[in-house]
Structures are given as C-alpha cells and as structure tokens.
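Residue-level listing of the chains:
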Amino acid sequence: DAKTTQPNSMESNEEEPVHLPCNHSTISGTDYIHWYRQLPSQGPEYVIHGLTSNVNNRMASLAIAEDRKSSTLILHRATLRDAAVYYCLQGDSNYQLIWGAGTKLIIKP
Amino acid sequence: DTGVSQNPRHKITKRGQNVTFRCDPISEHNRLYWYRQTLGQGPEFLTYFQNEAQLEKSRLLSDRFSAERPKGSFSTLEIQRTEQGDSAMYLCASGNNYEQYFGPGTRLTVT
C-alpha cells in the first residue's frame, strides 16, 4: 500500500495558484518527499523533492510541514498544460518509491 | 540527450507466449528501474538495478518475470508464459540520485 495519502482529484482555474496536499504520517527521518506528475499517455515526470526545508525549482515549490507529516506542492500559476495526475511519494534509502493513485488535477480555462 | 527510450511501444501477444521489452536509459545514469502500471493506478515497482547489479526485486513479482542489465547499459524485461493479467503499461526509469526519468512505456496487451 502507498505510504502517502492524497485527494483523488482537485480543480483549479487557469492562471491561479494550485496547492496540492499530501499526508505522509509514517515518514521516517531519512525518507525524502518526492513529487511526480503524469500527463495523459505519457510516463511520469519528476517535479520536485525535499527532505526538511522548503524547496523551489522552475516547475513548482514544495512546502514541508515542520513535523514532516504533510507537505504541499505549489504550482504558482497553473496552465492547461499542468492538467495531470500528481503523485506524492516518500522514498527509502534505495530510492524504491511506492506509488498511490495520486491526485488528478483539472484546470478550468 | 534523447531521454529514456523503450521498445516496442506497443505489444499484442497471445496468452502463453513470451515477450521481451527493451529500455535504453539516459547514458550517464547508473540506476535503472522497471515499473508496471494499470489503468487508474500509480506505477507498481518491479525491480531496480545499480549498474549491472539487480539490487531489488518486488516480492509480488512472479517467477515468470526476469530482467537483465548487461554491462550496466540497456535493460531487458522478459515475461514468460504471458497471462491476461499481465496486460499493463511497463515503464522504465533511470536516474543517479533522487530523480527518476521515465520512458514512454511499453503497452502490453495479452489476448
């Protein structure tokens, strides 16, 4: 079973920020938090990862709770091309990732 | 850099036949992963290589499945005596550290 829990789906308006939540209450001290997304008919795409501190890259920001039991992926300005299934995962030392069903993000024009 | 490539992209086979898929990772990546994905689900881990060594294999993986990565470059995944339940998308990913880069997948249909 997946170690993380996410909402099944979320909707957002184009050009607005999107906050995708994830709970990982069983995370260990050495597990990283990873986010991937999968567009229709494509393989998953790496988005971002982090351990304790908030992280930013060109695609998104990752906000990690102080107790590390939850995190939020932030898309600062959603476009129609961001419509995808977003997966939140916690990774062990061998980087074996256990995937859940993810959150289907719907962007409304 | 052309990214991770997988061949074939689609495979239709009859139950009981053997199939083999190929994955060509990004050249500088030493880690290679195989996953299986069915409709509406996230990818399911199958196995993982560090260079040519197969370091982990899912306990859920049947003995009919075998993977190799000779010389630590490309990898093959073979399924023997295919069953209808093997129908799925088979994904390959490569990476060095915390990031995994996925190929487009091979869609297997067992009739």
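These remarks concern the structure in this document.

## Some points on the interface of chain B and chain A
Between chain B and chain A, the contact holds 19 residues from the first and 16 residues from the second. Across the interface of chain B and chain A, roughly 1600 Å² is buried in total on both sides, 53% from carbon and sulfur atoms. Summed over the shared surface of chain B and chain A, the number is 0 salt bridges. Joining chain B to chain A, the criterion identifies 5 residue pairs in polar contact (both at pLDDT 80 or more). Residue assignment for the side of chain B that touches chain A shows that the elements contributing at least two residues are strand 4 (31-37) and strand 5 (44-50) of chain B. For the side of chain B that touches chain A, the element with the highest residue contribution is strand 4 of chain B, accounting for 4 residues. For the side of chain B that touches chain A, the residue count by class is 9 nonpolar, 7 polar and 3 charged.

## Here's the deal with the environment of Arg37 of chain A
Residue and element names in this part refer to chain A. Looking at the secondary structure, you find Arg37 in strand 3 (residues 32-38). Here the alpha-carbon distance between Arg37 and Val18, two residues 19 residues apart in the chain, equals 14 Å. In this structure Arg37 touches Gly43, Pro44, Glu45, Val47, Met59, Arg81, Asp82, Ala84, Val85 and Tyr86, once residues within four positions along its chain are discounted. Of the polar contacts made by the side chain of Arg37, one reaches the side chain of Asp82; its length is 2.8 Å.

## Quick look at the packing of aromatic side chains
Under the criterion given, the structure shown has 13 aromatic pairs over all chains. Measuring from centroid to centroid gives 5.7 Å for Tyr36 of chain A and Tyr46 of chain A, while their planes differ by 75°, and the two rings are edge-to-face. Placement of Tyr36 of chain A in strand 3 and of Tyr46 of chain A in strand 4 (residues 45-50) is noted, with a sequence separation of 10 residues between them. Each member of the pair Tyr36 of chain A and Tyr46 of chain A is classed as buried. Taking the centre distance of 5.4 Å and the plane angle of 45° together, the rings of Phe21 of chain B and Tyr90 of chain B count as tilted. Of this pair, Phe21 of chain B sits in strand 3 (residues 19-24) while Tyr90 of chain B sits in strand 9 (residues 88-95), and the two are 69 residues apart along the sequence. Here Phe21 of chain B falls in the buried class, since its relative accessible area comes to 1%. One aromatic cluster in this structure is built from Tyr36, Tyr46, Tyr87 and Trp99 of chain A together with Tyr33, Tyr35, Phe45, Tyr48 and Phe102 of chain B.

## Some remarks on the sheet that holds strand 9 (residues 103-108) of chain A
Residues and elements named next belong to chain A. Pairing is mixed in the open sheet, where 5 strands are placed in the order 1-9-8-3-4. Pairing within the sheet leaves two strands with one partner each, and these edge strands are strand 1 (9-13) and strand 4. Between one strand axis and the next, the sheet turns by 25° as a mean value, whatever way the strands run. Examined bridge by bridge, strand 3 and strand 4 share 5 bridges and lie antiparallel to one another. Looking at strand 4, one finds that Arg37 is bridged to Glu45.

Rules used in this analysis
- Residues numbered from 1 in each chain as written.
- Chains lettered and ligands numbered in written order.
- Predicted model: local features only at pLDDT ≥ 70, side-chain atom pairs only at ≥ 80, totals over all residues.
- Heavy atoms only, no water.
- Contact = heavy atoms within 4.5 Å.
- Buried area = accessible area lost by both parts, 1.4 Å probe.
- Salt bridge = Lys/Arg side-chain N within 4 Å of Asp/Glu carboxyl O.
- Polar contact = N/O pair within 3.5 Å; in protein donor to acceptor, adjacent residues only side chain to side chain.
- Helix = DSSP H or I, 4+ residues; strand = E, 2+ residues; numbered from the N terminus.
- Nonpolar A, V, L, I, M, F, W, Y, C, P; charged D, E, K, R; others polar.
- Phe/Tyr/Trp six-rings, centres within 6.5 Å; stacked < 30°, edge-to-face > 60°.
- Buried < 20%, exposed > 50% of the residue type's maximum accessible area, 1.4 Å probe, protein only.
- Pairing = 2+ DSSP bridges.
- Axes fitted to C-alpha atoms, helices over the stretch in contact; angles between N-to-C directions.

Without other data, these values stay purely geometric and don't point to any function.
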